[in-house]
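Residues per chain are reported as follows:
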There are 2 protein chains.
Amino acid sequence: MLDTDRMVAAVEAYIGNYNRSDLDGVCAVFAEDAAVEDPVGTPPRVGQAALREFFAVGIAAGARLTLDGPVRCAHGHAAFAFHVDLTWDGRATRIDVIDVFAFDAQGKVTGMKAFFGPANMGAA
Amino acid sequence: MLDTDRMVAAVEAYIGNYNRSDLDGVCAVFAEDAAVEDPVGTPPRVGQAALREFFAVGIAAGARLTLDGPVRCAHGHAAFAFHVDLTWDGRATRIDVIDVFAFDAQGKVTGMKAFFGPANMGAA
């Protein structure tokens, strides 16, 4: 079983690399064939090429991620609450999100689900 | 598609009923054949009889639930961060949890997954 420290480190690497605009670092958190459903209900983006394209958009938009509370780890999964600050259509915007990562035995993220909706988006 | 307000109301009913020790009210949030995996990685408890037995233990232990941040809703799912206060083995204990509810079209919870592990449990 993957240990908690490695899962928490992966979450912190994801957020830290995102905030440093380090696209390679963000993608390195994910397995080659990882599936990202962001937000839940949209078609999953699958594989490194699709993920790179997806995360590049957020990084280019200057999105900054801040953890809200501890990472919760259970049986190869990490769930974490955070908020995103970005400028959207000229306005400072905040989005409250909960992500769930599923990990493989090597500590790479094989699946990410992002939970948020219109009610979680508003003026910062 | 189930609307956000109904999903948020269900989360609030779950927490409010739990904190009022209203076992019927807690169970009423769930569909007849709902599956609860709490924590993730343990065998799911399936159906109202199993859920009643499970939630009765937490209520009898005096567990109190407090939401930490907004409920995140996406496509028939609600994710929410919260903490549980309870007295465990004579000591005031806090457990940080993220739950994900999946809803049916009638607004009942058909699946609940609770994410937390030993690192999320400590002195209150």
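The text that follows walks through the structure, step by step, so that each part is easy to find. All values derive from a computational prediction rather than experimental measurement.

Attention now goes to the overall build of chain A. Within chain A, the regular secondary structure consists of three helices and eight strands. Whereas a compact globule of 124 residues would reach a radius of gyration of roughly 14 Å, chain A reaches 14 Å, a difference of no more than 12%. Along the first, second and third principal axes, the C-alpha set of chain A runs to 45 × 30 × 30 Å. Counting only residues that meet the buried cut, chain A has 49% of its 124 residues in that class. In chain A, the share of contacts with a sequence separation of at least 24, taken over all contacts with a separation of at least 6, comes to 48%. Accessible area of chain A: about 5,700 Å², with a carbon and sulfur share of 56%. Once the 10 positive and 16 negative side-chain charges of chain A are each reduced to a mean point, those two points are 3 Å apart.

Here we come to the relation of the copies chain B and chain A. Superposing chain B onto chain A takes a rotation of 180° plus a shift of 0.0 Å along the axis, which leaves an RMSD of 0.0 Å. Expressed as an axis order, the relation between the two copies is that of a two-fold axis. When C-alpha positions in chain B are compared against the rotation axis, the closest is assigned to alanine 81 of chain B, at 3.4 Å. In this assembly the copies share their binding face: 96% of the residues contributing to the interface of chain B also contribute to that of chain A.

Opposite the 24 residues of chain B that make contact, chain A presents 23 residues. Between chain B and chain A, roughly 1,800 Å² of surface is buried when both sides are summed, and carbon and sulfur atoms account for 69% of that area. When the area that chain B buries against chain A is broken down by residue, the three leading residues are Arg72, Ile98 and Phe115 of chain B, summing to 35%. A salt bridge links arginine 72 of chain A to aspartate 96 of chain B, with the nearest nitrogen and oxygen atoms 4.0 Å apart. Taken together, the connections running from chain B to chain A amount to ten residue pairs in polar contact (both at pLDDT 80 or more). At the level of elements, strand E4 (72-74), strand E5 (77-88) and strand E6 (91-103) of chain B are the ones that each hand at least two residues to the side of chain B that touches chain A. At five residues, E5 of chain B tops the list of elements feeding residues into the side of chain B that touches chain A. Looking at side-chain class alone, the side of chain B that touches chain A contains 15 nonpolar, six polar and three charged residues.

Counted according to the given criterion, the structure contains twelve salt bridges over all chains. Between aspartate 68 of chain A and arginine 94 of chain A there is a salt bridge, with the nearest N and O atoms lying 3.9 Å from each other. Of the two residues, aspartate 68 of chain A is situated in the loop between strand E3 (64-67) and strand E4 (72-74) and arginine 94 of chain A in strand E6 (residues 91-103); the sequence distance between them amounts to 26 residues. One network of salt bridges, in which partners are shared, links Asp68, Arg94 and Asp96 of chain A together with Arg72 of chain B.

Turning to the environment of valine 29 of chain B, a few remarks are in order. Residue and element names in this part refer to chain B. Residue position: valine 29 is located in the loop between helix H2 (23-28) and strand E1 (30-37). By relative accessible area, valine 29 is classed as buried at 9%. Separated by 15 residues in the primary sequence, valine 29 and proline 44 place their C-alpha atoms 17 Å from one another. Beyond its immediate chain neighbours, meaning those up to four positions away, valine 29 contacts Ala10, Ala13, Tyr14, Phe101, Lys108 and Val109.

The next subject is the pairing of E6 of chain B. Residues and elements named next belong to chain B. Bridge count for E5 against E6 is twelve bridges, and the pairing is antiparallel. By the bridge assignment for E6, histidine 77 is matched with alanine 102. Between E5 and E6, which pair antiparallel and follow one another directly, the connecting turn spans two residues, one of which, aspartate 89, has a positive phi of 55°. Both E6 and strand E8 (residues 121-123) contribute to a ladder of three bridges, which runs antiparallel. Each bridged residue has a counterpart across the sheet, and for isoleucine 95 the counterpart in E8 is methionine 121. Examined bridge by bridge, E6 and strand E7 (residues 109-115) share six bridges and lie antiparallel to one another. In the sheet register, aspartate 99 faces E7, and the bridge partner there is alanine 114. Hairpin connection from E6 to E7: five residues lie between these consecutive antiparallel strands, with glycine 107 at a positive phi of about 90°.

What counts, and at which threshold
Position numbers for residues start from 1 in each chain and track the written sequence from start to end. Chain letters start at A and ligand numbers start at 1, both assigned in the order the entries are written. Local features in this predicted model are restricted to residues of pLDDT 70 or higher, and side-chain atom pairs are both shown and tallied only at a pLDDT of 80 or more, whereas totals for entire chains, interfaces and linings draw on every residue. Side-chain metrics rest on all non-hydrogen atoms present in the structure, leaving aside hydrogens and water. Secondary structure elements follow DSSP: runs of H or I of four or more residues count as helices, runs of E of two or more count as strands, with numbering from the N terminus. C-alpha atoms define the radius of gyration, and 2.2 Å times the number of residues to the power 0.38 defines the globule rule. When a residue's accessible area, from a 1.4 Å probe over protein chains only, is under 20% of the maximum for its type it is buried; when over 50% it is exposed; and in between it is partly exposed. Any pair of residues with heavy atoms lying within 4.5 Å of one another is described as a contacting pair. Only the protein chains shown count as covering a residue, and every accessible area follows the Shrake-Rupley method with a 1.4 Å probe. In this charge count, Lys and Arg are treated as positive and Asp and Glu as negative; neither His nor the chain ends contribute. Where a charge lies is defined by one atom per residue type: Lys uses NZ, Arg uses CZ, Asp uses CG and Glu uses CD. Superposing the copies works by least squares over the C-alpha atoms of residues that have pLDDT at least 70 in both of them. Once two parts are joined, some of their accessible surface, as seen by a 1.4 Å probe, is lost; buried area is that loss totalled over both. What counts as a salt bridge is simple: a side-chain nitrogen of Lys or Arg found within 4 Å of a carboxyl oxygen of Asp or Glu. Between N or O atoms, a polar contact is any pair within 3.5 Å; within protein, one atom must be a potential hydrogen donor and the other a potential acceptor, and residues adjacent in sequence are included only when both atoms are from side chains. When residues are grouped by polarity, Ala, Val, Leu, Ile, Met, Phe, Trp, Tyr, Cys and Pro land in nonpolar, Asp, Glu, Lys and Arg in charged, and all others, Gly among them, in polar. Pairing between two strands requires that DSSP report at least two bridges joining them.

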